[in-house]
There are 2 protein chains.
Amino acid sequence: MGVLETTKTRAARVENAVELPLGRILDGDCVEAMRKLPDGSVDCVFADPPYNLQLGGDLNRPDGSAVDAVTDHWDQFDSFKVYDDFTRAWLTEARRVLKPDGALWVIGSYHNIYRVGAILQDLGFWILNDIVWRKTNPMPNFKGTRFTNAHETLLWASMGEKAKYHFNYRAMKTLNDELQMRSDWVLPICSGGERLKEGGTKVHPTQKPEALLYRVLLATTEKGDVVLDPFFGTGTTGAVAKRLGREWIGCERENVYRDAAYARIAKELPLDESALETMQSKKNAPKVAFGALVENGYLKPGTEVFDKKRRWVATVRADGSLAVGKQTGSIHGLGKDLQGAPSCNGWTFWHYEVDGDVKPIDAARQLYLLATED
Amino acid sequence: MGVLETTKTRAARVENAVELPLGRILDGDCVEAMRKLPDGSVDCVFADPPYNLQLGGDLNRPDGSAVDAVTDHWDQFDSFKVYDDFTRAWLTEARRVLKPDGALWVIGSYHNIYRVGAILQDLGFWILNDIVWRKTNPMPNFKGTRFTNAHETLLWASMGEKAKYHFNYRAMKTLNDELQMRSDWVLPICSGGERLKEGGTKVHPTQKPEALLYRVLLATTEKGDVVLDPFFGTGTTGAVAKRLGREWIGCERENVYRDAAYARIAKELPLDESALETMQSKKNAPKVAFGALVENGYLKPGTEVFDKKRRWVATVRADGSLAVGKQTGSIHGLGKDLQGAPSCNGWTFWHYEVDGDVKPIDAARQLYLLATED
DNA sequence: AGTTTTTATGAATCTTCAC
DNA sequence: GGTGAAGATTCATAAAAAC
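Where an unreviewed UniProt entry is consulted, chain A appears under the name Methyltransferase, with the organism given as Altererythrobacter arenosus. What the UniProt record of chain A gives under Sequence similarities (unreviewed entry) is the line "Belongs to the N(4)/N(6)-methyltransferase family." Recorded under Catalytic activity (unreviewed entry), the UniProt text for chain A is reproduced unchanged: "a 2'-deoxyadenosine in DNA + S-adenosyl-L-methionine = an N(6)-methyl-2'-deoxyadenosine in DNA + S-adenosyl-L-homocysteine + H(+)".

What follows is the structure, given as structure tokens:
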């Protein structure tokens, strides 16, 4: 195990470069395509394989509109067995073409990432981190049946327990306001001008944000490194690699995606720093839910809270709701209802007693923030 | 497949209760211990299995002080094979003792969670969410060799793709200030007064925060449910279960942990009934037929109702059906047909005038419910 | 032209009960 | 088990439309 942090050209780059299809998207099945590459020839593999979503019927939003689901043929697998075989096949080829000090990245969701993670461990890869991409704007759970699925997972692995790998620790720390970069990354989904569209409809159903690739490549590759993406899609990996001065190779069997990717990457200019803006933006001011205070014991369920004039006394319940007799609601909603007001700031409306003092519940929030701030 | 949200006592609770070792920590290996429990007898399994950390050698902070790593004998496994066999064994028993509408929770890190996730899928469990516990105060990466490992992962799974399960959606939404609870949970690690210590050193190396269990149990169990924890440790699950009015059973083979857990849980006080009440979904509200409102004079036959933009105006008929010209139907069916939508909630679609105000007909239902409850 | 309101949409394993 | 009806259910963003 070890970390290399260097800007020097890596050995064996020049001799491989002449035979590698740099800046090209290989046609056809990715396992077949990768077979054309020599052993130990790439520095990094970034893979965004099909997630095997196993969706049922149609889904409609509360307003009745339809959700545009990922029903493409390339995401259809008959069983976990079939998906596992597919996964083992492409991971085996990826492992063959990686240099001994190369690294693998895979992104996935709970549908597939546990299969992928177990198989890559079985093949000898050594997980260095699992990274959580926390989406600022995920799709909600429209039916209220589960927690909002608000993240995806990336696995970062070296070639083995004792293998060397590259990690640009300083760059990551700088990018994160001089704090160590953590394993949870907060980034928006790909939308707006960045999202490739053709006649108003998205070209690819699962295009990844460039800021995600930017951080991956900046963290774990050097300038001039060769990055291989076996599921190239519309070429986010290639576009960001070019921007950052890395070489790239893609595999993609759909003509439409290949064409879109070539056109997109041709427009890309090396060393454009625009994506940095998104990444360096400070974390949003921490919001605290009243429920968090209850969970963490700052206000115990059963505590009585009241407005300043003690016109109403409410009881704190286990889920952070309040109750006055049969009327219940959130700190804001119940305050609003009781007063018949259009709105109410529950943080300043409700008070509680601490050691004989009466304080707004906002005081508990301040204590909580002090105790938990990074 | 489905979601149940109810405060009612679950069927089959009473008969099982008499034979189950509620409030007890079973001694010995958890697989052996679980064999003593009958099939389909518990509502929830929460498991915090050994992490298979495979730390090579000792770890030191930059100042030379040693990190108290998890190197206890119970955490050593020769290989993934041994760990997988162990995992399959306890998950199989957990599956046997769970009710058909029960649920499984497992917490882990990247060292073990991919093994666990793949195996539980192989056994037929159906993943509902993977939850990221984002730590506000993780241990830094002292050597600067990787990203700060700032999270752990929890898997929440039902007994199968079509199995029912329980999710207190409304309580979670309330706990999160009226926004859907997401799959990423921000909580501090267990420290301070909550951390069990004996002579200045921590009793258990991986004690989980009570806030984590609080959210798990509040979200996916009901009052009176039986929660089994096969790796009980110092009893965080039992302490929170008791506080929340849930029954608990533990398995733990280390005497020291069992003793600490019993002492800890004895000090725990259950919350009283009223504090345990949580916000309820409308799914639980007693059903009211629109016709009942008409019968009882809340909306008289002949009243005009209309959608918000007054694109359609319908007349209420004596049997609770609506008519727009020759088109007739129920409040839902007619709203659906007029819009050409896949479905329509007539309660919120149709409005009526009361004292000059425009209100959804759902307001009349609320009045009716208030007047008739109890 | 500038501001406010409305609409569209994103890797989604997304209902339940009676007949 | 299949079908149909009742009825519960959404957050952040960006672009378009309205004012």
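S.K.: How do you make sense of the UniProt feature "domain: DNA methylase N-4/N-6" (unreviewed entry) in chain A when you look at a structure like this?
M.R.: Per the UniProt record, the feature "domain: DNA methylase N-4/N-6" (unreviewed entry) sits at residues 42–261 of chain A. Summarising residues 42–261 of chain A: 28% helix, 25% strand, and an end-to-end C-alpha distance of 20 Å.

S.K.: I keep staring at the protein's contact with DNA strand C and nothing clicks. Help me out?
M.R.: Taken together, 41 residues surround DNA strand C, and among them Q54, R61, Y110 and K202 of chain A together with V3 of chain B come closest. Here G57 of chain A contributes a backbone N or O atom positioned 3.4 Å from a base nitrogen of DNA strand C. Measuring from a phosphate oxygen of DNA strand C, one finds a side-chain N or O atom of Y110 of chain A at 2.3 Å. Every element with two or more residues in the surface near DNA strand C is listed here: β1 (2–4) and β5 (126–135) of chain B.

S.K.: Hey, could you run me through the protein's contact with DNA strand D in this one?
M.R.: Residue and element names in this part refer to chain B. Taken together, 26 residues lie near DNA strand D, and Y169, K173, Q180, H332 and R365 sit nearest. Sugar and phosphate atoms constitute 61% of the interface atoms of DNA strand D, taking the interface as everything within 4 Å of the protein. Separating a phosphate oxygen of DNA strand D from a side-chain N or O atom of S330 is a distance of 3.2 Å. A distance of 2.9 Å is found between a phosphate oxygen of DNA strand D and a side-chain nitrogen or oxygen belonging to R365. In the surface near DNA strand D, the residues fall into nine nonpolar, twelve polar and five charged.

S.K.: Whenever I open this one, the packing of helix α6 (residues 210–220) of chain A against helix α7 (residues 236–243) of chain A confuses me. Can you help?
M.R.: A pair of packed helices can be characterised by two numbers: the angle between their axes and the separation between those axes. Residue and element names in this part refer to chain A. Close contact between α6 and α7 brings their axes to 9 Å; oriented N to C, the two are set at 55°. Here α7 runs oblique to α6, going by the angle between their axes. Of the two elements, α6 crosses α7, and the hand of that crossing is right-handed. Across from E210, L213, Y214 and L217 in α6, the residues of α7 making contact are T236, T237, V240, A241 and R243.

S.K.: Whenever I open this one, the interface of chain B and chain A confuses me. Can you help?
M.R.: Interface size, as often reported, equals the accessible area lost upon joining of the parts. Each side of the interface is counted separately: chain B has 73 residues, and chain A has 78 residues. Taken together, both faces of the contact between chain B and chain A bury some 6,500 Å²; the carbon and sulfur share is 51%. Residues R215 of chain B and E295 of chain A are paired through a salt bridge, measuring 2.6 Å at the closest nitrogen-oxygen approach. The interface formed by chain B and chain A holds 39 residue pairs in polar contact (both at pLDDT 80 or more) in total. Those elements that place two or more of their residues in the side of chain B that touches chain A are α4 (113–122), β5, β6 (151–158), α5 (169–175), β8 (184–187), α6 (210–220) and α9 (273–276) of chain B. The greatest single-element share of the side of chain B that touches chain A, amounting to nine residues, is contributed by β5 of chain B. A class-by-class count of the residues in the side of chain B that touches chain A yields 39 nonpolar, 19 polar and 15 charged.

S.K.: I keep staring at the pattern of salt bridges and nothing clicks. Help me out?
M.R.: A side chain of one charge can pair with a side chain of the opposite charge if their charged atoms are brought near each other. Summed over all chains, the structure comprises 46 salt bridges over all chains. Here E32 of chain A makes a salt bridge to R35 of chain A, at a shortest N to O gap of 3.0 Å. The class for E32 of chain A is partly exposed, based on a relative accessible area of 46%. The salt bridge partner of R243 of chain B is E210 of chain B, with a shortest N-O separation of 2.4 Å. Of this pair, R243 of chain B sits in helix α7 (residues 236–243) while E210 of chain B is found in helix α6, placing the two residues 33 residues apart along the sequence. Note on accessibility: R243 of chain B and E210 of chain B belong to one class, buried. Among the charged side chains, a network of salt bridges with common partners joins R134, R182 and D184 of chain A together with R134, R182 and D184 of chain B.

S.K.: How should the side chain of Q180 of chain A be read in this particular structure?
M.R.: You can see Q180 of chain A is positioned in the loop between α5 (169–175) and β8 (184–187). Given the relative accessible area of 16%, Q180 of chain A is considered buried. Polar side-chain contacts of Q180 of chain A include one of 2.6 Å to the backbone oxygen of N141 of chain B. Those residues in contact with Q180 of chain A that sit more than four places away from it in its chain are Y169 and K173 of chain A together with P140, N141 and T148 of chain B.

S.K.: Could you clarify how one ought to interpret the packing of aromatic side chains in this entry?
M.R.: Two aromatic rings, taken as a pair, are described by how far apart their centres are and by the angle between their planes. Enumeration over the complete set of coordinates arrives at 35 aromatic pairs over all chains. Ring centres of F349 of chain B and W350 of chain B lie 4.9 Å apart, and the angle between their planes is 85°; this geometry places the pair in the edge-to-face category. For the pair F349 of chain B and W350 of chain B, one class covers both residues: buried. An aromatic cluster is present here, built from W105, W156, Y165, F167, Y169 and W185 of chain A together with F147 of chain B joined pairwise through their rings. For R115 of chain A, the ring lying beneath its charged end belongs to F80 of chain A, and the centroid distance is 4.3 Å. Between the NZ or CZ atom of R215 of chain A and the centre of the ring of W185 of chain A, over which it lies, the distance is 5.0 Å.

S.K.: I'm lost on the environment of Q121 of chain A in this one. Help?
M.R.: Within the element layout of this structure, Q121 of chain A appears in helix α4 (residues 113–122). Classification of Q121 of chain A by relative accessible area gives buried; the value is 7%. In sequence terms Q121 of chain A and F86 of chain A are 35 residues apart; their C-alpha atoms lie 16 Å from each other. If we ignore the near neighbours within four places in the chain, the residues touching Q121 of chain A are I127 of chain A together with F80, Y110, H111, Y114 and R115 of chain B. A polar atom in the side chain of Q121 of chain A sits 3.2 Å from the side chain of R115 of chain B.

S.K.: It is not clear to me how empty space enclosed by the protein should be interpreted in this structure. Could you clarify?
M.R.: To find leftover empty space, one rolls a probe the size of a water molecule over the atoms. Here the structure, examined in full by the defined rule, presents two cavities of 30 Å³ or more. Here the largest cavity is characterised by a volume of approximately 60 Å³. In terms of lining, the largest cavity is formed by I113, Y114, D130, V132, H151 and T153 of chain A together with Y114, D130, V132, H151 and T153 of chain B. Secondary-structure elements contributing two or more residues to the lining of the largest cavity are α4, β5 (126–135) and β6 (151–158) of chain A together with β5 and β6 of chain B. A breakdown of the residues in the lining of the largest cavity according to their chemical character gives five nonpolar, four polar and two charged. Considering only enclosed or pocket space, the second largest cavity measures out at about 30 Å³ in volume. Considering the residues around the second largest cavity, the lining is formed by F167, Y169, M172, Q180 and M181 of chain A together with R146, F147 and T148 of chain B. Within the lining of the second largest cavity, the residues separate by chemical class into five nonpolar, two polar and one charged.

The rules behind each value
Residues numbered from 1 in each chain as written. Chains lettered and ligands numbered in written order. Predicted model: local features only at pLDDT ≥ 70, side-chain atom pairs only at ≥ 80, totals over all residues. Heavy atoms only, no water. UniProt positions renumbered as here; feature names shortened; annotations may be inferred. Helix = DSSP H or I, 4+ residues; strand = E, 2+ residues; numbered from the N terminus. Near = heavy atom within 4 Å. Polar contact = N/O pair within 3.5 Å; in protein donor to acceptor, adjacent residues only side chain to side chain. Nonpolar A, V, L, I, M, F, W, Y, C, P; charged D, E, K, R; others polar. Axes fitted to C-alpha atoms, helices over the stretch in contact; angles between N-to-C directions. Parallel < 35°, antiparallel > 145°, perpendicular 65-115°, else oblique. Left-handed = near helix turned anticlockwise from the far one by under 90°. Contact = heavy atoms within 4.5 Å. Buried area = accessible area lost by both parts, 1.4 Å probe. Salt bridge = Lys/Arg side-chain N within 4 Å of Asp/Glu carboxyl O. Buried < 20%, exposed > 50% of the residue type's maximum accessible area, 1.4 Å probe, protein only. Phe/Tyr/Trp six-rings, centres within 6.5 Å; stacked < 30°, edge-to-face > 60°. Lys NZ or Arg CZ within 6 Å of the ring centre and 35° of its normal. 1 Å grid on protein atoms, 1.4 Å probe; cavity = no way out; pocket = protein on both sides within 12 Å on 5 of 7 lines; lining within 4 Å. Points joined across faces, edges and corners; volume = space filled by probe spheres on them.

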